[in-house]
Amino acid sequence: MKIKPVKALGLLLVFVLLTIITQVGGILFLFWLPIGILINRKLKDSLQRKIAKPLSFIGLYAVATFTIIPLLAKPFGRVPMPIGSTSHIQPLTVWTCLLNRHYVRPTLKKTIEKVAGQMNTAFPGTQIAYLDANFPFMNGFPLIPHLSHNDGKKLDIAFFYKRASTDERLNGLAPSWMGYGVHEGPLKGEVNMPNECANKGNWQYGFMERIIPQYKKEVMPFDGERTRAIISLLVAQPAVSKIFIEPHLKVRLRLNSQKIRFHGCQAVRHDDHIHVQIR
Ligand SMILES: [Zn+2]
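Everything numeric here is computed off the predicted structure, so don't read it as measured data.

## A few points about the overall build of the chain
(1) Moving on: Across its full length, the chain carries nine helices and eight strands.
(2) Moving on: Overall size of the chain, expressed as C-alpha extent along the three principal axes, is 65 × 40 × 40 Å.
(3) Moving on: Counting all 279 residues of the chain, 46% fall into the buried class.
(4) Moving on: Contacts in the chain between residues at least 24 apart in sequence constitute 73% of all its contacts with a sequence separation of at least 6.
(5) Moving on: Total accessible area on the chain stands at roughly 14,500 Å², and carbon and sulfur atoms take up 65% of it.
(6) Moving on: Averaging the coordinates of the 36 positive side-chain charges in the chain and doing the same for the 17 negative ones gives two points 12 Å apart.

See below:
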């Protein structure tokens, strides 16, 4: 069978994009290709083909993501974080799991479970909402755009927020649907790294704020009390080696552990989430 160059380029593009976004999606796409060829042969109607092909790929991808990938990742030393709400931990968005971006080393998972238990003793009902973790396989394969999330040792956790109208503590919710990009920025008189980094020419530092809708910022204010509590519990864990948050929040929340560092202007703002890493 002869494949036209334009079509070959299109297939290559799909493979590359799926690999960058989900790591395993590109390989699964290669496994799916014979199914696509079969659909082309069997279905004469072009509309039927246009529906059957993406649906069959999504089906194959979903089955692999929730059954085979977790089993294969285990020997590589990676386990999935909870997909639903388990042990007071949940993904902020299910997309993190659908895209296979929720894998960590077992030690990191156990550490977060322990902290989630401690958080619940202090603040009953609290759910830890995690953001991007790592892909299931291979050390050194970066989870773009987080270049350091490449070894199973890194996890981002959403800040805690409240409902402005009732002061109620919210769980599993953040003013940004994906957890990133709605910032608890520096107040007047606080150290202002976002400005300093922008002045140094690091355009990417505050980039997320420009693409993420900000309309929930006023209705979901930052819960400094619980955010301070979780960071304090995290730094107390022997397995935790580093935590990144913005310097102005470290001062404002009266946190002084040496484990809490500034990540540098080459990264992005960390006043919307906590970056945790283990040894
Ligand atoms: Zn991170």
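## With respect to the UniProt feature "transmembrane region" (unreviewed entry) in the chain
(1) Moving on: Under the present numbering, the feature "transmembrane region" (unreviewed entry) in UniProt falls on residues 12-35 and 55-73.
(2) Moving on: Summarising residues 12-35: 92% helix, 0% strand, and an end-to-end C-alpha distance of 17 Å.
(3) Moving on: Counted over residues 55-73, helix gives 100% and strand 0%. Its end C-alpha atoms are 25 Å apart.

## Structural notes on the coordination of the zinc ion
(1) Moving on: The protein atoms that coordinate the zinc ion are His-149 (NE2), Asp-156 (OD) and His-275 (ND1), at distances spanning 2.0 to 2.2 Å.
(2) Moving on: Sequence positions of the donors to the zinc ion reduce to the motif H-x6-D-x118-H. Highlighted residues: His-149 in the loop between strand 4 (128-130) and strand 5 (154-158) and His-275 in strand 8 (residues 273-278), separated in sequence by 126 residues. Accessibility assignment for this pair places His-149 and His-275 in one class, buried.

## Quick word on the packing of helix 2 (residues 25-42) against helix 3 (residues 46-73)
(1) Moving on: At their nearest, the axes of helix 2 and helix 3 sit 9 Å apart, and the two run at 145 degrees to each other. The way helix 2 lies across helix 3 gives a crossing that is right-handed. Seen from helix 2, the contacting residues are Gly-25, Leu-28, Phe-29, Trp-32, Ile-35, Gly-36, Ile-39 and Asn-40; seen from helix 3, they are Arg-49, Ala-52, Lys-53, Ser-56, Phe-57, Leu-60, Tyr-61 and Ala-64.
(2) Moving on: When the residues that make up the contact of helix 2 with helix 3 are grouped by side-chain class, the tally is 10 nonpolar, four polar and two charged.

## So, the environment of Gly-26
(1) Moving on: The topology assignment puts Gly-26 in helix 2.
(2) Moving on: Taking relative accessible area as the criterion, Gly-26 reaches 0% and is therefore assigned buried.
(3) Moving on: For the pair formed by Gly-26 and Arg-49, sequence separation is 23 residues and the distance between their alpha carbons is 21 Å.
(4) Moving on: Sequence-distant contacts of Gly-26, that is, excluding residues within four places in its chain, are made with Phe-15, Leu-18 and Thr-19.

## Some remarks on the state of the cysteines
(1) Moving on: Scanning all chains against the criterion turns up one disulfide.
(2) Moving on: Note on cysteine connectivity: Cys-197 is disulfide-linked to Cys-265, with sulfurs 2.0 Å apart. Taking the sign of the torsion about the S-S bond as the criterion, the disulfide between Cys-197 and Cys-265, at about -75 degrees, is left-handed. Highlighted residues: Cys-197 in helix 6 (residues 193-199) and Cys-265 in the loop between strand 7 (260-261) and strand 8, separated in sequence by 68 residues. Each member of the pair, Cys-197 as well as Cys-265, is classed as buried.

## Quick word on the packing of aromatic side chains
(1) Moving on: Scanning all chains against the criterion turns up eight aromatic pairs.
(2) Moving on: Ring geometry for Phe-29 and Trp-32: centres 5.7 Å apart, planes at 20 degrees, overall stacked. Residue Phe-29 and its partner Trp-32 are both found in helix 2; the two are separated by three residues, about one turn of the helix. The residues Phe-29 and Trp-32 share a single accessibility class, namely buried.
(3) Moving on: Ring centres of Phe-76 and Phe-137 lie 5.2 Å apart, and the angle between their planes is 75 degrees; this geometry places the pair in the edge-to-face category. Placement of Phe-76 in the loop between helix 3 and strand 1 (79-80) and of Phe-137 in the loop between strand 4 and strand 5 is noted, with a sequence separation of 61 residues between them.
(4) Moving on: When its relative accessible area of 54% is taken as the criterion, Phe-76 is described as exposed.
(5) Moving on: Aromatic rings pair up to connect Phe-29, Trp-32, Phe-57 and Tyr-61 into one cluster.

Cut-offs used in this document
- Residues numbered from 1 in each chain as written.
- Predicted model: local features only at pLDDT ≥ 70, side-chain atom pairs only at ≥ 80, totals over all residues.
- Heavy atoms only, no water.
- Helix = DSSP H or I, 4+ residues; strand = E, 2+ residues; numbered from the N terminus.
- Buried < 20%, exposed > 50% of the residue type's maximum accessible area, 1.4 Å probe, protein only.
- Contact = heavy atoms within 4.5 Å.
- Areas by Shrake-Rupley, 256 points an atom, 1.4 Å probe, with all protein chains shown as cover.
- Lys, Arg positive; Asp, Glu negative; His and termini not counted.
- Charge placed at Lys NZ, Arg CZ, Asp CG, Glu CD.
- UniProt positions renumbered as here; feature names shortened; annotations may be inferred.
- Donors = N, O, S within 2.8 Å, 3.2 Å for Na, K, Ca; no water.
- Axes fitted to C-alpha atoms, helices over the stretch in contact; angles between N-to-C directions.
- Left-handed = near helix turned anticlockwise from the far one by under 90°.
- Nonpolar A, V, L, I, M, F, W, Y, C, P; charged D, E, K, R; others polar.
- Disulfide = S-S within 2.5 Å.
- Phe/Tyr/Trp six-rings, centres within 6.5 Å; stacked < 30°, edge-to-face > 60°.

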